[in-house]
2 protein chains.
Amino acid sequence: MYNVLEKEVYQCLAAAGVPTPEYSCFPLEGALTATSWPVALKIMSPRIVHKSDLGGVALHLNNQEELEEARKNILHRLCLKGFTPDSKDEWIVTRQYTGIELFFGVVQDPVFGKVILFGAGGTTVELFRDICYIDSEAGEQEIRNGILQTRVGQYFARGFRGIKYDPGPIVALVQKLQRIEVRELDCNPVILTEEGPVVVDARMVTGTCITQSKPLKFIPEIFRPQRTAIIGVSSHPEKVGYALAKNNSGDPDCYYVNPHLDKLFDKQVFPRVEDLPQIDTAVLCIPPAALKDSIVRLAVKNVKNVVIITAGFREAGRDEHFLEELAAKYGIHIIGPNCLGIYANGKNLTFGPGTPKAGDVNFFSQSGAIVAELMDKAVYKNIGFANIISAGNMADVDFADLIHSYEGAHPVNLYIEGVSNGKNLLRAIRGSKVPVRIFKAGRTEAARKAAFSHTGNLAGNYEMFTGLLKSVGATMMRDINGLLYPYHFEKVLVITNAGGAGTVISDMISDKLYPLSQAQIDSLSKVLPKHWSKNNPIDIIGDATYERYLKALTIADSFGADAILVVVTPQFMTDTNKIGEIFYTHPFRTKVFPVLLGGEKMETACRRLRSEGVTYFEELSEAVSYL
Amino acid sequence: MYNVLEKEVYQCLAAAGVPTPEYSCFPLEGALTATSWPVALKIMSPRIVHKSDLGGVALHLNNQEELEEARKNILHRLCLKGFTPDSKDEWIVTRQYTGIELFFGVVQDPVFGKVILFGAGGTTVELFRDICYIDSEAGEQEIRNGILQTRVGQYFARGFRGIKYDPGPIVALVQKLQRIEVRELDCNPVILTEEGPVVVDARMVTGTCITQSKPLKFIPEIFRPQRTAIIGVSSHPEKVGYALAKNNSGDPDCYYVNPHLDKLFDKQVFPRVEDLPQIDTAVLCIPPAALKDSIVRLAVKNVKNVVIITAGFREAGRDEHFLEELAAKYGIHIIGPNCLGIYANGKNLTFGPGTPKAGDVNFFSQSGAIVAELMDKAVYKNIGFANIISAGNMADVDFADLIHSYEGAHPVNLYIEGVSNGKNLLRAIRGSKVPVRIFKAGRTEAARKAAFSHTGNLAGNYEMFTGLLKSVGATMMRDINGLLYPYHFEKVLVITNAGGAGTVISDMISDKLYPLSQAQIDSLSKVLPKHWSKNNPIDIIGDATYERYLKALTIADSFGADAILVVVTPQFMTDTNKIGEIFYTHPFRTKVFPVLLGGEKMETACRRLRSEGVTYFEELSEAVSYL
């Protein structure tokens, strides 16, 4: 890697339209001069990357005398550090600028390709790491969103000490860095002067950018399986092919294939793919060695969607590149391998536990076990799915393709450990018409190690991942349960019989608490005891009965909130079973969710709510994860 | 409030031994000089608090010419801001120091009294708020802990750009500020020079410090009720006096008092306090107006512990100061008012739902509803308590007294909304022999409002609260469920049949994952399939059966971890009921906790574990909150 000299960096930056300082270079033994003061003096050597660390920099030099003195001091410090300048080394004198110190950078990330960094500069970079990440393809608004993710972004948002700074020149500089052809660049500091930002020190690594040119696939038919086949059904209950067959035994448009079986679950079993009627989607649970041949025969039969349950590929160190090639060659879409299957169009083409009801949740996951866990929870909690895609190794179809192909109206929820083509994921989310919500595992080194050991996925730089994903508008979830919910609530009412619980939940959703108007407070005061909270959370006091809950809820239902959480704690007067009835005997316009805190006293009510098909929560943290 | 002039601040600081800059003062029209360069020039006026905001400061002046120029510029800027200097105003010329910019401050907090602030200085204070809080009574180690809570503390911990700074002079300066008699002080910046820190700008508000002189009570007998009485029992099931009587109907050493009843739950009811046998603890659920008289009569009978259930005092805007006075006058200890009661020495003197088993958890709470919720949960989850104190309004005995009086060996867990005597809380935790773990509600404005409306408590400055509490060694809990657990685990093993769940939990407890040795890995490899993770979390693969779980757990039990979480997800081969048997049929040396993720497929196993008295979890987040 060639260490680019400071003057060469300035030439390169200037060519890209990036503002650089006034500077002059001088031979090591030559006279030093400056045309305006103050200036900075720095040693410039192909052998030195970090000048400051060697004492090779002197700042705020106000006159010729100080400049000469600085030269002596620098040479002395270099000598102490064991560095002897030679004829290849030069002095560079740059004009000294004053203003806010910023940081700009360019990196090449294995997941996201070229990414721009912006933040507070100077020593602050190391101390506070107040940095945002901006995609090289980000538009102006996305750049502004990124800048506002930093603390130093306050200068441009609400101003600082009474002065509001124009973000325009910052955005423009980011845009120049988006276009500049470098491998790595560290501009620190960039001084924000009254005339705009000026790069006053920079390091650069030349080279070409990583490009990621795979196009996004638009394949909405993946969500519309109609006539399906399971290749590799089994009559052995401990086999995956049995579970898949069983989950689809009631579907007349689902066919079974196995050369060694005649009948299964009262259905004919076809010996070969060729014998099948026309189908659109095939699920394969056959040995790895048989896959290629089967896929080709399915493709020849014009099957579009191929879901590969079979494991033992990348996660086991074996090549799976042939799958992507087959998909491209035949124009088919491959989900998997190493996955739990898909649930779409009401068809449960998974070997997951039970079949959840149809509903609005879209859930795409890299981990099959997480799919199994959340499906089982959904069955228990009466949560319905529109689409579940257990994406597995994503040899062909990946998250980006799935988001790009989704045409429905509900949020798309993702469980991600690591992705290989980050640019495409950003593009897909940028273009998505629905909210994209992501739980990203792999924040810590321990988790990245765990993720790698079970899928072979590189989880990547978590901070960069979340920064970039947020700037394209994705929501990062803190709780995996949040992936089980299809709505997005902004204005939430809380009714509670416990002030403590009201306080705790206020901390959790302070930005979503719907503020009550005086008229709304007055209408509640008519039915509530004198000491109710007159505030949201609506604390209806510890001795609240069924009647009081019902009255408060009926009035609150007309307030126009997005959702009402009804928190019930097991206090002395609390008839939890009776209060539970409210949620299945009364219709409400607002989405209403009971939150039953405790344990023993709530068991019967919870069981009844489940049997009545009501979604309820047992922890405040669980409830808020669904908002 | 008198605006103390910069020179007066320096005089005051110098008198306290705090290093101040070389400075000289000059009349407004007089000549300006300096003995060494560079210097800073500032206007000094009784009418100006924030000089910088008016442009009244010029820095880095290198010679007489620049000094004169700066005077003109300052006068020009002041004029533009509409400020006309007069004969009371002066110039102050201070030596310009270079080094790291720090911030030191002194505040008087309504909760904690005098508190010292330390952090990164300059504009950084506003931008990054990298501040720690140090108690005025903190010793050297606690001061060091505080400093290391800040980012700028890195300079003193692991060093910065290769230079490690000595924290000694910082600690010494904090100690001087602990002793200085001021109301408020803002030293910003303090420059850390090679000779130590120098305050180069400061604002001060004179006045005396808030003192909190209430002594800590040592009253271990509060945890040892033996012969008890319930004053105000009732035969009406909807009354609190009924619930309390019922919860204690089996205790021959618990007596009932009510002038209108003869018998209740087959026990004699005494008409008056005077008729009771000798008791040590009385629980009062009688009307507010009758309290004072009853307490006096109990005190005369030499009753030591008085628990007041009765509500309607401070939370209803009514004075409760007489309770503290009665306690002091008669040497008794009053818990409450407005509380759920206490559970101690195996006696359930609460009207909470059900009676949890005896165990090791100590739980002191400001909210009765939170006590009710966690008691009910504990009953359901087989968690046992040593002590529960529903502290209510804490008119007499407060959290500090309780911590100070606890003589057991297990952690003390607190739910706090707001406290009035923060100094005592810090003193008690500083002196505690057991870990103190705190869930603090009121991080957000919304929650502070909710807390105030239901208890009249001021939740205070959350950041200061958590900062100070951490520096005295308390653990701040993020999940309220963590209050239900009596242990502290440092080395945790995770066994899982799902790599995804292993990845997610690794993010949650990355610092507690017990690292496996090669010998341990080898011993597990003998019984696990080839592709197991060879790492903690021990991923025993999705097709793990009862036998594989048992083998892995039996081996891991010998590794010497503090706890083993056994994560089970409902995968195709997972016989959850059979796996559940492991936890009540096999003894383990290590504490072992099943974590059953999902819902429908886990219900039967969970029910069985409950009936077998096994503590288990249904969410990863719940499990880790107990570690």
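The written sequence of each chain sets the order in which its residues are numbered from 1. Chain letters and ligand numbers both follow the written order, the letters beginning at A and the numbers at 1. The predicted nature of this model means local features are confined to residues of pLDDT at least 70 and side-chain atom pairs, given and counted, to a pLDDT of 80 or more, with totals for whole chains, interfaces and linings taken over all residues.

### A look at the overall build of chain A
- To qualify as a helix, a DSSP run of H or I must reach at least 4 residues; to qualify as a strand, a run of E must reach at least 2; elements of each kind are numbered from the N terminus. Along the backbone of chain A there are 19 helices and 28 strands.
- With the C-alpha coordinates aligned to their principal axes, the bounding extent of chain A is approximately 95 × 75 × 35 Å.
- Buried residues are those with 20 or more other C-beta atoms within 10 Å of their own C-beta, exposed residues have 12 or fewer, and partly exposed residues lie in between; C-beta atoms are placed from the backbone. Burial statistics for chain A: of 627 residues in total, 52% are counted as buried.
- A sequence separation of at least 24 residues applies to 68% of the contacts in chain A between residues at least 6 apart. Note on contacts: residues are paired as contacts if their backbone-placed C-beta atoms lie within 7 Å.

### Some details on unusual backbone geometry
Residues and elements named next belong to chain A.
- Going from Gly 336 to Pro 337, the amide bond is cis rather than trans, its omega being 0°.
- Secondary-structure assignment places Pro 337 in the loop between β17 (333-335) and β18 (341-344).
- Here the bond from Asn 536 into Pro 537 is cis, since omega is 5°, no more than 30 degrees from zero.
- Here Pro 537 lies in the loop between α15 (518-525) and β26 (538-539).
- A positive phi angle is found at His 60, which is not glycine, with a value near 55°.
- With respect to the helices and strands, His 60 occurs in strand β3 (residues 57-61).

### Things to note about the relation of the copies chain B and chain A
- Least-squares fitting of one copy onto the other uses the C-alpha atoms of those residues that reach a pLDDT of at least 70 in both copies. The two copies are related by a screw motion: chain B maps onto chain A through a turn of 180° and a shift of 0.0 Å along the axis, at an RMSD of 0.2 Å. With respect to symmetry, the two chain copies, as superposed, fit the operation of a two-fold axis.
- Taken as a fraction of all interface residues of chain B, those also at the interface in chain A reach 100%, which identifies the copy contact as same-surface.

### Observations concerning helix α1 (residues 6-15) of chain A
Residues and elements named next belong to chain A.
- Residues Glu 6, Val 9, Tyr 10 and Leu 13 constitute the buried set of α1. Summarising the axial view, the buried residues of α1 lie within an arc of 100°, below the 170-degree limit, and thus occupy one face. With respect to the buried face of α1, the exposed residues turned more than 90 degrees away are Gln 11 and Ala 15.
- On the buried face of α1, the contacting elements are β1 (23-27), β2 (39-44), β4 (90-95), β9 (196-199) and β10 (202-205).
- Downstream of α1 by a residue or two, Gly 17 has a phi angle that is positive, lying close to 85°. Note that the arc is computed from the directions linking the helix axis to the C-beta atoms.

### Here we look at the interface of chain B and chain A
- The interface of chain B with chain A comprises 74 residues on the first partner and 74 residues on the second.
- Secondary structure elements with two or more residues in the side of chain B that touches chain A: α3 (124-128), α6 (240-247), α9 (368-381), α12 (445-455) and α14 (499-508) of chain B.
- Among the residues making up the side of chain B that touches chain A, the classes are represented as 29 nonpolar, 26 polar and 19 charged. Three classes are used: nonpolar for Ala, Val, Leu, Ile, Met, Phe, Trp, Tyr, Cys and Pro, charged for Asp, Glu, Lys and Arg, and polar for all others, with Gly counted as polar.

### Here's the deal with the sheet that holds strand β26 (residues 538-539) of chain B
All names here are of chain B.
- Two strands qualify as a pair provided DSSP detects at least 2 bridges between them. Strands sit in the order β26-β25-β27-β28 across an open sheet of four strands; the sheet is parallel. Each edge of the sheet is formed by a strand with only one pairing partner; in this case those strands are β26 and β28 (591-596).
- Across five bridges, the pairing between strand β25 (residues 492-496) and strand β27 (residues 563-568) is parallel. Residue pairing in the sheet places Thr 496 in a bridge with Val 567 of β27.

### Focus: the pairing of strand β22 (residues 412-416) of chain A
Residue and element names in this part refer to chain A.
- A large share of β22 lies buried, amounting to five of its five residues.
- The alternating pattern of β22 places Val 412, Leu 414 and Ile 416 and Asn 413 and Tyr 415 on opposite faces, both of which are buried.
- Note that strand β20 (residues 358-365) and β22 share four bridges and pair parallel. When the bridges of β22 are listed, Ser 365 appears paired with Tyr 415.
- Here the term right-handed applies to a crossover when the path leading from its first strand over the helix to its second strand runs clockwise, the strands being oriented away from the viewer. For the segment spanning β22, helix α11 (residues 422-430) and strand β23 (residues 436-440), crossover handedness is right-handed.

### As for the domain arrangement of chain A
- The domain boundaries assigned to chain A delineate domain 1 (22-95), domain 2 (100-205), domain 3 (220-484) and domain 4 (492-625).
- One C-alpha centre belongs to domain 1 of chain A, the other to domain 4 of chain A; they are set 70 Å apart. Bear in mind that the domain bounds are from an automatic or database domain assignment.

### Structural notes on the environment of Val 174 of chain A
Residues and elements named next belong to chain A.
- Looking at the element boundaries, Val 174 is found in helix α5 (residues 168-179).
- Residue classification places Val 174 among the buried residues on the basis of 24 C-beta atoms within 10 Å.
- Counting along the chain gives 27 residues from Val 174 to Ile 147, while the straight-line C-alpha distance between them is 9.9 Å.
- Other than its neighbours up to four places away in sequence, Val 174 contacts Ile 116, Phe 118, Ile 134 and Ile 143.

### What to know about the sheet that holds strand β19 (residues 347-350) of chain B
All names here are of chain B.
- Taken in spatial order, the seven strands make up an open sheet running β19-β18-β21-β20-β22-β23-β24, and their pairing is mixed. Every interior strand has two partners, whereas the edge strands, β19 and β24 (475-476), have only one.
- Pairing of strand β23 (residues 436-440) with β24 involves two bridges; the strand directions are parallel. By the bridge assignment, Arg 437 is partnered in β24 with Thr 475.

### A few points about the packing of helix α9 (residues 368-381) of chain A against α14 of chain B
- Think of each axis as a best-fit line through the C-alpha atoms, taken over the contacting stretch in the case of a helix, with angles from 0 to 180 degrees between the N-to-C directions. At their nearest, the axes of α9 of chain A and α14 of chain B sit 6 Å apart, and the two run at 90° to each other. Looking at the two axes, α9 of chain A sits roughly perpendicular to α14 of chain B. Contacts between α9 of chain A and α14 of chain B involve Ala 369, Ile 370 and Glu 373 of chain A from the first element and Gly 499, Gly 500 and Ala 501 of chain B from the second. Should an angle fall under 35 degrees it is called roughly parallel, over 145 degrees roughly antiparallel, and 65 to 115 degrees roughly perpendicular, with every other angle called oblique.

### Quick notes on the confidence of the model for chain A
- One number per residue, pLDDT, summarises how confident the predictor is, and it ranges from 0 to 100. For chain A, per-residue confidence averages 92 on the pLDDT scale, and residues scoring 70 or more make up 98% of the total.
- Scored as a complex, the prediction yields pTM 0.88 and ipTM 0.84.

### Structural notes on the packing of helix α4 (residues 140-148) of chain A against α5 of chain A
All names here are of chain A.
- As a packed pair, α4 and α5 sit with axes 10 Å apart at the nearest point and diverge in direction by 110°. The orientation of α4 relative to α5 falls into the category roughly perpendicular. You can see that α4 and α5 cross each other, and the crossing is right-handed. Residue-level inspection shows Glu 140, Ile 143, Arg 144 and Ile 147 of α4 in contact with α5, the latter providing Ile 170, Val 171 and Val 174.
- Taken together, the residues that form the contact of α4 with α5 break down as five nonpolar, no polar and two charged. Two helices that cross are described as forming a left-handed crossing if the nearer one is turned anticlockwise from the farther one by less than a right angle, and a right-handed crossing if clockwise.

### Comments concerning the pairing of strand β20 (residues 358-365) of chain B
All names here are of chain B.
- Pairing analysis gives six bridges linking β20 to strand β21 (residues 385-390), with the strands arranged parallel. Bridge pairing in β21 links Ser 365 to Ser 390.
- Tracing the backbone out of β20, into α9 and back to the parallel element β21 gives a crossover that is right-handed.

### Description of the environment of Trp 37 of chain B
- As for its position among the elements, Trp 37 of chain B is in the loop between β1 (23-27) and β2 (39-44).
- Once the C-alpha coordinates of Trp 37 of chain B and Arg 95 of chain B are considered, the two residues, 58 residues apart in sequence, prove to be 6.9 Å apart.

### Thoughts on the environment of His 333 of chain A
Residue and element names in this part refer to chain A.
- The topology assignment puts His 333 in strand β17.
- Judged by the 20 C-beta atoms lying within 10 Å of it, His 333 falls in the buried class.
- Sequence separation between His 333 and Glu 221 is 112 residues; the distance between their C-alpha atoms is 9.4 Å.

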